[in-house]
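For reference, the chains in residue letters:
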Amino acid sequence: MLRAVATLFLIGGFGQPVFAGVYLSGDFDGLSWHVMGADLVSSISLVQLGAAVAVWIRVRRAWPFWASLGLLVGVSAQYVAGMEGALWLHLPLGVALIAGIAIVVAALWMRPLPRRRKEVRTDG
Amino acid sequence: MAEPISRRRLLGIGAVLGAVAAGGLALSAAWARRPAETGDQLVSEVPLPQAFTIPLPLPQVLEPVASAAEGDRYEMVQVETEAEILPGYSTRLWTYNGTFPGPTIESRRGRHVTVAHRNELPVPTVVHLHGGRTPASSDGYPTDLVLPQDWSETAGHGHGGHMADDLAVVTNVQREYGFPLDQRAAMLWYHDHRMDFTAPAIWRGLAGLHFVRDDVEDALDLPRGDHEVPLMIADRAFDSDGQLKYPSLDPTLTGEIGVEERFTAGVLGDAVLVNGAPWPVHEVDSGLYRLRVLNASNARHYELEAVTDTGRRLPLVQIGADQGLLAAPVRHERLPMAPAERYDLLLDLGELPVGSKVRLANRLGEGRMKDVMQFHVVRAGRRAAIPETLATDLPEWDRSEAVAVRDFAFRAGRMNGRHGWVIDGLPFDPNRTDVTTRLGDVEVWRLIADVHHPVHLHLVGFRVLSRGGGAPLPHDAGLKDTIALRPGESAEIITRFDGYRGRYLFHCHNAEHEDMGMMANLEVT
């Protein structure tokens, strides 16, 4: 579940610069796509946080929660920066978010989470 | 993965990535201009005068040389002159009739005005009446040159971007511009619009005001006489001789076009001139004032606010936009203003004691650019009410009437192998028709900007339908002819292309952008 959500997050995340590029190249509708993408990515970010909570509870892995929380904070800031036209923040933060999402996806797929608890460890 | 990566290494990688991301954001926060500013600032090489010491000059109103039933005739000479802008320095200017700003023309709606311009400058000129509903032959198309005496054709063709234009109507030394002025009362302005060299020509002083009055305005009993104050705001910089400084590639303005690479985004000065005087002071009474404000700067944006010496902010009551009166006043604490925009404002000084000072400040400026001018209340005035309803003749157009919806991207690009500015990827070419529309058609235009672009349409006024996908901003009210787009911003505008058929323009009114390609042809058929 968490892997699936994180992968969707990544796909949605990569869509955003595409829409921004379409918009700035002169297609006005690109802006609506970019806004819809922002809504979608924000929602996915929230869902991922929920899934990460479940993972924390069920298999005692905390890092996905903290990573998802960090991304949610970043995505929210990105949303506000975009609406405010603060491009100095919006552009580098966008790149950082894509990198962060990609790392979480890679970590989730590279290191399978334990099926159930093997040892008690406070991770993260 | 057989062997999981050690926790220590993972934390290390995470820390490095986090540090890089944080460092990038911090770098951006420190380096990027907040608020954004499009252009690069020149630095004057002479000491600039203390603010609020020089009295505000008021441009003189030009008398017609002939008045008849069919209209008024004016004459102007475009001439180089010297003026004392900075105390103790004599600055060479290019002027209309020897003054900067040029003389003001006062006209009535529907009463024909003819202005005969005589070019005694060393370069060709073109006069455009910004905001005028003008037949194409008098609209000042950039290649409709008025050549100076003894102008040799070859001298005019340097290695710049000059393009042959078969449709150009070139005259020698003199040209009569005819303005029917069948339009709402508004403050227009006239300025040079020559192909490739508009920005330096305006910088050197070729700009003046032109008022249109009508019965709608008269009926409102707005402040008039010395309580109606025109304010032409323009930034400039000065070299070590007190001459105007400008980074032209060819200072004779005859050959290579454009400015030094660093100034591609626009030329900003470090002195604010109002009506040609640096940071002036204007003596007023404690009455109601009508300020007719024009941002005649090449590239600088302002965000105006009126602050008293006790730190109180007075509302700037907007009663009109580029193309005349609003339906109802809009009160602003701060008012953003892009190049070529005009605002018609009421400033109520009624509650201030005699002796008060009100600073017209610029929230977007840094250092001395934070100040624009000062009003000094020197006597008691008559209180006057601010009318709560204004004009009822504002045109309304609905999206459903639009026969075309067009998208235009204003962004950086290449022109003549150098950095420039383009509309939908193309730099200006007089021989290419970019938009063809039928006389009387209503259209919606969706304008998208990469950096600040004040977009101006000739011939028509428009209404702002939306900005950034949302509602228009308070200062988008009324009928406009120039709309300021901020970086990454877009807006939808609606207008009816009526008035006259012919070849017109739309362009970015950052004058440097305009010279470096950001202009396109609008053919009304």
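Residues numbered from 1 in each chain as written. Chains lettered and ligands numbered in written order. Predicted model: local features only at pLDDT ≥ 70, side-chain atom pairs only at ≥ 80, totals over all residues.

### Considering the overall build of chain A
In terms of helices and strands, chain A carries 4 helices and 0 strands. Starting at the N terminus and walking to the C terminus, you meet the elements of chain A as α-α-α-α. Residues counted as buried form 34% of the 124 residues belonging to chain A. For chain A, the share of sequence-separated contacts (at least 6 apart) that also reach a separation of at least 24 residues comes to 65%. (Helix = DSSP H or I, 4+ residues; strand = E, 2+ residues; numbered from the N terminus. Buried ≥ 20, exposed ≤ 12 C-beta atoms within 10 Å, placed from the backbone. Contact = placed C-beta atoms within 7 Å.)

### Description of the overall build of chain B
Counting its regular elements, chain B contains 4 helices and 36 strands. Taken against the 2.2 N^0.38 rule, which gives 24 Å for 525 residues, the C-alpha radius of gyration of chain B at 24 Å falls within 12% of a compact globule. For chain B, the C-alpha atoms occupy an extent of roughly 100 × 60 × 60 Å along the three principal directions. Considering chain B as a whole, with its 525 residues, one finds that 50% of them fall into the buried category. (Rg over C-alpha atoms; globule rule 2.2 N^0.38 Å.)

### Considering the sheet that holds strand β27 (residues 404-415) of chain B
Residues and elements named next belong to chain B. Overall, mixed pairing links the 5 strands, which are arranged β28-β27-β30-β34-β32 in an open sheet. Single-partner strands in this sheet number two, and they are β28 (418-423) and β32 (463-467). Neighbour-to-neighbour, the strand axes of this sheet turn through a mean angle of 20°, independent of strand direction. Where strand β30 (residues 442-449) meets strand β34 (residues 490-496), 7 bridges bridge the pair, whose relative direction is antiparallel. Counterpart to Val444 in the pairing with β34 is Ile494. (Pairing = 2+ DSSP bridges. Axes fitted to C-alpha atoms, helices over the stretch in contact; angles between N-to-C directions.)

### Section: the sheet that holds strand β22 (residues 324-332) of chain B
Residue and element names in this part refer to chain B. Spatially, β16-β15-β13-β18-β24-β21-β22 is the arrangement adopted by the 7 strands of the open sheet, whose pairing is mixed. Bordering the open sheet on either side are β16 (277-278) and β22, each of which pairs with just one other strand. Two strands pair when backbone bridges link them, and strand β21 (residues 316-321) and strand β24 (residues 342-348) are joined in this way by 3 bridges, in the antiparallel orientation. Counted as the bridge partner of Gln318 is Leu345 from β24.

### Thoughts on the domain arrangement of chain B
Residue and element names in this part refer to chain B. Assigned domains within chain B: domain 1 (66-214), domain 2 (225-379) and domain 3 (399-524). The distance between the C-alpha centroids of domain 1 and domain 2 comes to 23 Å. Taken together, the contact pairs 32 residues of domain 1 with 31 residues of domain 2. Mapped onto the side of domain 1 that touches domain 2, the elements with two or more residues apiece are β4 (91-96), β11 (186-192), α2 (198-203) and β12 (207-213). No other element matches the 4 residues that α2 contributes to the side of domain 1 that touches domain 2. Here the residues of the side of domain 1 that touches domain 2 sort into 18 nonpolar, 10 polar and 4 charged. (Domains from an automatic or database assignment. Nonpolar A, V, L, I, M, F, W, Y, C, P; charged D, E, K, R; others polar.)

### Topic: the interface of chain B and chain A
The interface is formed by 25 residues belonging to chain B together with 20 residues belonging to chain A. Those elements that provide at least two residues to the side of chain B that touches chain A are α1 (7-31), β27 and β30 of chain B.

### Brief notes about the environment of B:Lys370
Residues and elements named next belong to chain B. Along the chain, Lys370 falls in the loop between β25 (357-362) and β26 (371-379). When the 14 C-beta atoms within 10 Å are taken as the criterion, Lys370 is described as partly exposed. C-alpha of Lys370 to C-alpha of Tyr302: the two residues are 68 residues apart in sequence and 9.1 Å apart in space. Ignoring any residue separated from it by four or fewer positions in sequence, one finds Lys370 in contact with Ala361, Asn362 and Gly365.

### Section: unusual backbone geometry
For residues other than glycine, phi is negative in most cases, and the peptide bonds are mostly trans. All names here are of chain B. Of the consecutive residues Arg34 and Pro35, the connecting peptide bond is found in the cis state with omega at 0°. If you trace the backbone, Pro35 turns up in the loop between α1 and β1 (40-41). Put simply, Phe100 and Pro101 share a cis peptide bond, and its omega is -5°. Within the secondary structure layout, Pro101 lies in the loop between β4 and β5 (102-108).

### Concerning the packing of helix α4 (residues 87-110) of chain A against α1(B)
With their axes 8 Å apart at the nearest point, α4(A) and α1(B) run at an angle of 170° to one another. By the angle class used here, α4(A) and α1(B) are roughly antiparallel. Here A:Trp88, A:Leu89, A:Pro92, A:Leu93, A:Ala96, A:Ala99 and A:Ile103 of α4(A) lie close against α1(B), whose contacting residues are B:Leu17, B:Ala21, B:Gly24, B:Leu25, B:Ser28 and B:Ala29. Looking at the contact of α4(A) with α1(B) residue by residue, the class counts come to 11 nonpolar, 2 polar and no charged. (Parallel < 35°, antiparallel > 145°, perpendicular 65-115°, else oblique.)

### Considerations on the packing of helix α1 (residues 2-24) of chain A against helix α2 (residues 29-59) of chain A
Residue and element names in this part refer to chain A. Relative orientation of the contacting elements α1 and α2 amounts to 160°, with a least axis distance of 8 Å. Judged by the angle between their axes, α1 and α2 are roughly antiparallel. Here α1 and α2 pass one another in a crossing that is left-handed. In terms of residue class, the contact of α1 with α2 is made up of 19 nonpolar, 9 polar and no charged. (Left-handed = near helix turned anticlockwise from the far one by under 90°.)

### Structural notes on helix α3 (residues 63-84) of chain A
All names here are of chain A. Compared with the 32 Å implied by 1.5 Å per residue over 22 residues, the 31 Å span of α3 between its first and last C-alpha is a close match. Regarding α3, the residues found buried are Pro64, Phe65, Ala67, Ser68, Leu71, Val75, Gln78 and Gly82. Each buried residue of α3 lies within a common arc of 155° when the element is viewed along its axis, so the set occupies one face. Pointing more than 90 degrees away from the buried face of α3 are the exposed residues Val73, Val80 and Glu84. Tucked inside the fold, the buried residues of α3 contact α1, α2 and α4. Just beyond α3, the residue with positive phi is Gly85, at close to 75°. (Expected span 1.5 Å × (residues − 1). Arc of directions from axis to C-beta.)

### Structural notes on the pairing of strand β15 (residues 271-274) of chain B
All names here are of chain B. The two faces of β15 match: Ala271 and Leu273 on one face and Val272 and Val274 on the other face are all buried. Judged from the 4 bridges that link them, strand β13 (residues 228-236) and β15 form a sheet pairing that is antiparallel. Residue pairing in the sheet places Asp235 in a bridge with Val272 of β15. By the bridge criterion, 2 bridges tie β15 to β16 in an arrangement that is antiparallel.

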